[in-house]
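Chain by chain, the residues run as shown.
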Amino acid sequence: MSPAPKDAQKPYVAYQGVAGAYSEAAAAKACPNFETIPCDQFETAFQSVENRIADLAILPIENSLGGSIHRNYDLLLRHNLHIIGEVLLPVHHCLMALPGVRLESVRRVISHPQALAQCEQTLTKLGLNAACEAFDDTAGAAEQISLYNLQDTAAIASARAAKIYNLEILANGIQDDSRNFTRFVVLSRDPVDPRADRPFKTSVVFALENGTSSLFKALSAFEARKINLSKIESRPHKNFPIRLVETVKRFEYVFFAEFEASMAEVRTQEAMAELKEYSSFFRVLGCYPMDIASESASNEG
Ligand SMILES: O=C(O)C(=O)C[C@]1(C(=O)O)C=C[C@@H](O)C=C1
């Protein structure tokens, strides 16, 4: 599926998946006045913004139970879009099948790998005699059951997906923990102006001159200025994957760091100047308003 042509009058946000996907719900929450453009792959969502088919893209980046969505970290590095916002979405999964299908006759459960991971223990507890299979997105899995009249298959997706694809909910709230939140980032061709009058986050990516051994020193740039580091993720350094130190081959990484401070603050500028001293590569991915309301909601769960 490729994105539909853009009507120049309306703002558009691209997401991966089909109608009923959590990414579509995140797009509606982050960009309420935008039309949505479904894309079959994460990369297509990036390309839609680069090719001006869409104004923005929304991408899942991490989940509180399933962890990081590594593919999107790699794509953030490969493409040159800016993070201009974030949104935390509570993810409430349902197990669904064709009307009349009973739990005992389900032999296959299909969904996005993240959704399967988030429901792993509950699926075991339900006592299903079924194999799990990965699908491109949760709602796409629900659509597949409907399209091909799959009597032995259930999907993990949202209640909205069950409604859209005329499926019946066999079990509700099947995530392994009720505090199941996915964090999405909003991407644009242009950055937003960093501000210091409300809580902002900054995301950076860097590689270290001396490899992982100097990570502690590099991160002390934040600690020294009381900047709260909210996330660190490492990925293979695709341009320089191995460092030979005498006879030892060491794997090389790029580090994605997110911290709760704005680039408009002097302490952030100083921390980044210090971090750059240890880095062989450094890029700011974005400086954007924090999703405060959702973050406090996540603490309540
Ligand atoms: O498949 C979907 O519905 C998506 O929006 C993707 C996605 C993900 O990639 O993590 C988003 C939120 C949920 O964590 C499960 C799946």
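Procedures and definitions
- Residues numbered from 1 in each chain as written.
- Predicted model: local features only at pLDDT ≥ 70, side-chain atom pairs only at ≥ 80, totals over all residues.
- Heavy atoms only, no water.
- Near = heavy atom within 4 Å.
- Polar contact = N/O pair within 3.5 Å; in protein donor to acceptor, adjacent residues only side chain to side chain.
- Helix = DSSP H or I, 4+ residues; strand = E, 2+ residues; numbered from the N terminus.
- Nonpolar A, V, L, I, M, F, W, Y, C, P; charged D, E, K, R; others polar.
- Domains from an automatic or database assignment.
- Buried < 20%, exposed > 50% of the residue type's maximum accessible area, 1.4 Å probe, protein only.
- Contact = heavy atoms within 4.5 Å.
- Buried area = accessible area lost by both parts, 1.4 Å probe.
- Salt bridge = Lys/Arg side-chain N within 4 Å of Asp/Glu carboxyl O.
- Pairing = 2+ DSSP bridges.
- Axes fitted to C-alpha atoms, helices over the stretch in contact; angles between N-to-C directions.

Draft legend 1. Region of the structure containing the site of the ligand. Near the ligand, the surroundings consist of 14 residues, among which Y22, S23, Q118, T138 and T182 are the closest. At 2.9 Å, a backbone N or O of Y22 approaches an oxygen atom of the ligand. Looking at the shell around the ligand, the elements with two or more residues in it are α1 (22-30), β3 (56-63), α4 (113-118) and β11 (181-188). Looking at the shell around the ligand, its residues break down into six nonpolar, seven polar and one charged. Inspection of the shell around the ligand shows a minimum of three residues originating in each of domain 1 (12-90 + 181-188) and domain 2 (94-172).

Draft legend 2. Spotlight on unusual backbone geometry. One non-glycine residue, N149, lies in positive phi territory at about 50°. Among the structural elements, N149 can be located in the loop between α6 (138-147) and β9 (153-157). The exposure class of N149 is partly exposed, given its relative accessible area of 46%. Of note in the backbone geometry, E246 takes a positive phi value of approximately 55° without being a glycine. Within the secondary structure layout, E246 lies in the loop between β14 (242-245) and β15 (248-251). The exposure class of E246 is exposed, given its relative accessible area of 76%.

Draft legend 3. Representation of the domain arrangement of the protein chain within the structure. When its domains are assigned, the protein chain resolves into domain 1 (12-90 + 181-188), domain 2 (94-172) and domain 3 (200-300). Taken over C-alpha atoms, the centre of domain 1 sits 22 Å from the centre of domain 3. Across the boundary between the two partners, domain 1 contributes 20 residues, which contact 23 residues of domain 3. Buried area between domain 1 and domain 3, summed over both chains or domains, comes out near 1,700 Å², and the portion from carbon and sulfur atoms is 52%. Across the contact surface, domain 1 and domain 3 share five salt bridges. Between E258 and R183 there is a salt bridge, and its shortest N-O distance comes to 2.5 Å. Counting every contact that joins domain 1 to domain 3 gives 14 residue pairs in polar contact (both at pLDDT 80 or more). Elements with a minimum of two residues in the side of domain 1 that touches domain 3: α3 (70-78), β5 (82-90) and β11. Among the elements that make up the side of domain 1 that touches domain 3, the one with the highest residue count is β5 (seven residues).

Draft legend 4. Inspection of the sheet that holds β9 at higher detail. Ordered by their spatial adjacency, five strands build an open sheet running β8-β7-β9-β6-β10, and the pairing between neighbours is mixed. Sheet topology places β8 (131-134) and β10 (168-172) at the edges, where each strand pairs with a single neighbour. Recorded for the sheet is a direction-independent mean angle of 30° between the axes of neighbouring strands. Both strand β7 (residues 108-111) and β8 contribute to a ladder of four bridges, which runs parallel. Bridging from a neighbouring strand, S111 pairs with A134 of β8. Sheet strands touched by α6: β6 (94-97), β7 and β9. Its angle to β9, the strand with the most contacts, is close to 150°.

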